[in-house]
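# Fold and geometry: a report
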Amino acid sequence: MEEPSATATIATALAGGVGLLALVTLVYGTILYRMEERPRIRQLCLGLLFGIGGVAAMLQSVPISPGVYLDVKAVPVALAAPFGGPLAAMLAAGMVSAARIAIGGAGTLPGVVGILVAGSVGLLLRRLVPAVEWRNSRPLFILGPVASVHPLSIFVLPWEVALPIFIDGGIPIALFTAAGILMLGTMLARERRRVDTEQMLRNAALSDPLTGLANRRAFFASIDRAVAGALRHDTPVSLLMLDIDHFKDVNDSRGHDAGDAVLVSLSRLLQRSVRQSDLVARFGGEEFAILLPNAPGDGAFQLAERLRCAVRDLSIPQNDGAILHVTVSIGLSTLTPDIGRADAMIKAADMALYRAKQSGRDRVCRHRESSVKEPAPAAD
């Protein structure tokens, strides 16, 4: 039986390395999805993923001369920046370089230089090409050929040593690097589009289309988690329910466009007036809910008073030049021994809101034991 040629052996090994890298996409989408709200940790995880991919590619290396190996480790390193970010690129390049140094041999220096060249090309193109473009394959047709010049790093060795190595292995490495970047990058881009679509659909299902706030469904999920955490860690949590006073009159007298403008303006005011950890949700119609983790009752009441005054001072311009002013009534409840569940908190805040409405509107009332005296609303 005829022995396979050296070129065929190199091609077979490099093809195996490219195939091994395809496994990266199985984990890539999971990291994107799970780490959506933790971008720094996500970059670190993606850096580890691309770094492990590069090290795994070296397992398919072909020895071409003592201490010199051919492989496609540059493929994940070049893709780390466009699909993981700068931090991921630096971590991946560092991991793969460290592994190449650990292997040692005459090819250590050109190997590390090639890794750094591939990583630098990825970082440069990420900076030059808008992020949205990496959701399709077009930039890969630039990245692949440019990153495939990394085999030239062999010429850091003496010419008489480097030239034969480059002739025997440089062209296959360049071709398989370009092909690997195009193949793996296309799969990563497809996975990113899939995750982006799922996130968009999930956000649409959990947000109010008019105001952009969390909707009722998202609010119920959040308050269940907040109450469970507060009971577990013995921390306070409070809830505000806000209702726009005489909102029906705004819709009847000025139309629904004016009512929508009021809802949007109020939503923006509420969002910029609370902490990042707080959740503002449109509970329904002209009613809003604000979930306040780690907020005791007195602190929540002070916030409610500030919000009430801020809404009263809010000017809402109309298309005809008119300025609208509205007020809100607010009900407050706090997790206590007698209000120990999420549904009980919502019911208590709703009852306090009803009392605020019945007491003349434009005021804050809170669910309380009979011994607690209700503070008077701020004077107009």
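Here's a quick rundown of the structure.

What counts as what
Residues numbered from 1 in each chain as written. Predicted model: local features only at pLDDT ≥ 70, side-chain atom pairs only at ≥ 80, totals over all residues. Heavy atoms only, no water. Helix = DSSP H or I, 4+ residues; strand = E, 2+ residues; numbered from the N terminus. Rg over C-alpha atoms; globule rule 2.2 N^0.38 Å. Buried < 20%, exposed > 50% of the residue type's maximum accessible area, 1.4 Å probe, protein only. Contact = heavy atoms within 4.5 Å. Axes fitted to C-alpha atoms, helices over the stretch in contact; angles between N-to-C directions. Parallel < 35°, antiparallel > 145°, perpendicular 65-115°, else oblique. Left-handed = near helix turned anticlockwise from the far one by under 90°. Nonpolar A, V, L, I, M, F, W, Y, C, P; charged D, E, K, R; others polar. Expected span 1.5 Å × (residues − 1). Disulfide = S-S within 2.5 Å. Pairing = 2+ DSSP bridges. Right-handed = clockwise from strand over helix to strand, strands pointing away. Polar contact = N/O pair within 3.5 Å; in protein donor to acceptor, adjacent residues only side chain to side chain. Salt bridge = Lys/Arg side-chain N within 4 Å of Asp/Glu carboxyl O.

Bringing the overall build of the chain into the picture now. Within the chain, the secondary structure is distributed over 13 helices and nine strands. For 380 residues, the compact-globule formula gives about 21 Å, and the C-alpha radius of gyration of the chain, at 30 Å, lies well above that figure. Along the first, second and third principal axes, the C-alpha atoms of the chain reach 95 × 50 × 35 Å. Taken across its 380 residues, the chain has 48% of its residues classed as buried. Considering only contacts in the chain between residues 6 or more positions apart, those separated by 24 or more positions represent 68%.

This brings us to the packing of helix 3 (residues 39–58) against helix 5 (residues 86–103). Across the interface, helix 3 lies against helix 5 with an axial gap of 7 Å and an inter-helix angle of 30 degrees. When the interaxial angle is binned, helix 3 and helix 5 end up roughly parallel. Judged by the sense of rotation from one axis to the other, the crossing of helix 3 with helix 5 is right-handed. For the pair helix 3 and helix 5, contact is made by R40, Q43, L44, L46, G47, L48, F50, G51, I52, G54, V55 and M58 and by P86, L87, A88, L91, A92, M95, V96, A99, R100 and I103, respectively. Across the contact of helix 3 with helix 5, the residue classes tally to 16 nonpolar, four polar and two charged.

Moving on, we come to helix 12 (residues 297–312). Its 16 residues give helix 12 an end-to-end C-alpha distance of 23 Å, which sits within 8% of 22 Å, the value for a rise of 1.5 Å per residue. For helix 12, every residue scored as buried is listed here: G297, A300, F301, L303, A304, E305, L307, R308 and V311. Against the buried residues of helix 12 lie strand 3 (237–244), helix 11 (256–273), strand 5 (287–293), strand 8 (328–334) and strand 9 (364–366).

This paragraph deals with the state of the cysteines. Tallied over the full model, the rule gives zero disulfides. As a non-bridged cysteine, C309 has C365 as the owner of its nearest cysteine sulfur, 14 Å distant.

The next subject is the pairing of strand 8. Where burial is concerned, most of strand 8 is hidden: seven out of the seven residues are buried. Burial along strand 8 is two-sided: the face carrying V328, I330, L332 and T334 and the face carrying S329, G331 and S333 are both buried. Both strand 8 and strand 9 contribute to a ladder of three bridges, which runs parallel. Paired with I330 across the two strands is V364, which belongs to strand 9. The handedness of the strand 8 to strand 9 crossover, carried by helix 13 (residues 342–358), is left-handed.

The subject of this paragraph is unusual backbone geometry. Of note, R361 is a non-glycine position whose phi angle comes to about 70 degrees, a positive value. One can find R361 in the loop between helix 13 and strand 9. Residue R361 is classed as partly exposed on the basis of its relative accessible area of 30%. For D362, which is not glycine, the phi dihedral falls at a positive 50 degrees. For D362, the location among the structural elements is in the loop between helix 13 and strand 9.

Strand order in the open sheet formed by five strands is 4-5-3-8-9, with mixed pairing between adjacent strands. In this open sheet, the two edge strands, each paired with only one partner strand, are strand 4 (279–284) and strand 9. Pairwise comparison of adjacent strand axes, ignoring direction, gives a mean angle of 20 degrees for this sheet. Of the strands in this sheet, strand 3, strand 4 and strand 5 are in contact with helix 9 (residues 216–233), which crosses strand 4 at around 130 degrees.

Following the sequence through the fold, K357 ends up in helix 13. Of the residues examined, K357 reaches a relative accessible area of 15% and is grouped as buried. Polar contacts involving the side chain of K357 include one to the side chain of D245, which spans 2.9 Å. Setting aside residues no more than four positions away along its own chain, K357 makes contact with D243, I244, D245 and S329.

What follows covers the pattern of salt bridges. Counted under the stated rule, the structure contains 15 salt bridges. In this structure, E133 and R138 form a salt bridge, with 3.2 Å as the shortest nitrogen-oxygen distance. In this structure E133 comes out as partly exposed when scored by relative accessible area, which is 26%. For D245, the salt bridge goes to K357, with nearest N and O atoms at 2.9 Å. Placement of the pair is D245 in the loop between strand 3 and helix 10 (247–254) and K357 in helix 13, with a sequence separation of 112 residues. Sharing partners across several salt bridges, the network here consists of E191, R194 and E198.

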